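# Topology and contacts: notes
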Amino acid sequence: QVQLVESGGGLVQAGGSVRLSCAASGRTFSSYAMGWFRQAPGKEREFVATIIWSGGSTYYANSVKGRFTLSRDNAKNTVYLQMNSLKPEDTAVYYCATRQAGNYYYMKPSQYDYWGQGTQVTVSS
């Protein structure tokens, strides 16, 4: 069973930065993708960014492109989401997710099999 544990959320002022972490354990598939999603109150869960672990290629939602950056630590089996120039509209619960992957960017929540518990990010104006 794959387990994902997120950390790093909190309260930040607009224009500030936050780094989220997602540590994975129990993974057995050789090729996989990790994605970040977010969900604001009353809204659907939306795609933020994804990384294909084997090659390190990334893809971002237009709303965060240029502000958010994915990185990974192979030794720790952890992916990081560095969020800069935060805006109040970035306020949401952020979730990481993972699935076995081919050479494809997965951007729908239904495409992921395992999810973390979520971490709250609140951006004040």
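Up top is the structure.
Residues numbered from 1 in each chain as written. Predicted model: local features only at pLDDT ≥ 70, side-chain atom pairs only at ≥ 80, totals over all residues. Heavy atoms only, no water.

### A short note on the overall build of the protein chain
As a reminder of what qualifies: Helical segments are the DSSP runs of H or I of at least four residues, strand segments are the runs of E of at least two, and each set is numbered from the N terminus. When checking whether two residues touch, look at their non-hydrogen atoms; a contact exists if any pair is within 4.5 Å. In this description, accessible areas are obtained by the Shrake-Rupley approach with a 1.4 Å probe, and a residue is regarded as covered only by the protein chains that are shown.
A tally of regular secondary structure across the protein chain gives 0 helices and 11 strands. Reading the secondary structure of the protein chain in the N-to-C direction produces β-β-β-β-β-β-β-β-β-β-β. Dimensions along the principal axes, computed over C-alpha positions, put the protein chain at roughly 45 × 30 × 25 Å. In the protein chain, the proportion of contacts linking residues at least 24 apart, taken out of those at least 6 apart, comes to 58%. On the protein chain, roughly 6300 Å² of surface is accessible, and the fraction owed to carbon and sulfur atoms is 45%.

### Concerning the nonpolar core
Selection criterion: Among the buried residues, those of types Ala, Val, Leu, Ile, Met, Phe, Trp, Tyr and Cys that are joined through side-chain atoms within 4.5 Å form a nonpolar core. Relative accessibility thresholds used throughout: buried, under 20% of the residue-type maximum; exposed, over 50%; partly exposed, between the two (1.4 Å probe, protein chains only).
With 36 residues, the main nonpolar core has Met 34, Trp 36, Leu 81, Met 83 and Tyr 94 as its most contacted residues. At the level of secondary structure, the elements contributing two or more residues to this core comprise strand S3 (18-25), strand S4 (32-39), strand S5 (46-52), strand S7 (68-73), strand S8 (78-83), strand S9 (92-100) and strand S11 (119-124). Not counting chain neighbours up to four residues away, the residues in contact with Tyr 94 comprise Glu 6, Leu 20, Trp 36, Phe 37, Arg 38, Val 48, Phe 68, Leu 81, Met 83, Gly 118, Thr 119 and Val 121.

### Describing the pattern of salt bridges
The condition that has to hold: Take a side-chain nitrogen of Lys or Arg and a carboxyl oxygen of Asp or Glu: if they are within 4 Å of each other, that pair is a salt bridge.
Under the counting rule described, the total for this entry stands at 3 salt bridges. In this structure, Arg 38 engages Glu 46 in a salt bridge whose closest nitrogen and oxygen atoms are separated by 2.6 Å. Residues Asp 90 and Arg 67 are paired through a salt bridge, measuring 2.7 Å at the closest nitrogen-oxygen approach. Of this pair, Asp 90 sits in the loop between S8 and S9 while Arg 67 sits in the loop between strand S6 (58-60) and S7, and the two are 23 residues apart along the sequence. Through salt bridges with shared partners, a single ionic network connects Arg 38, Glu 46, Arg 67 and Asp 90.

### As for the side chain of Ser 21
With respect to the element layout, Ser 21 can be found in strand S3. The class of Ser 21 is buried, set by a relative accessible area of 15%. Apart from residues lying up to four places away in sequence, Ser 21 is in contact with Val 5, Glu 6, Ser 7, Trp 36, Thr 78, Val 79 and Tyr 80.

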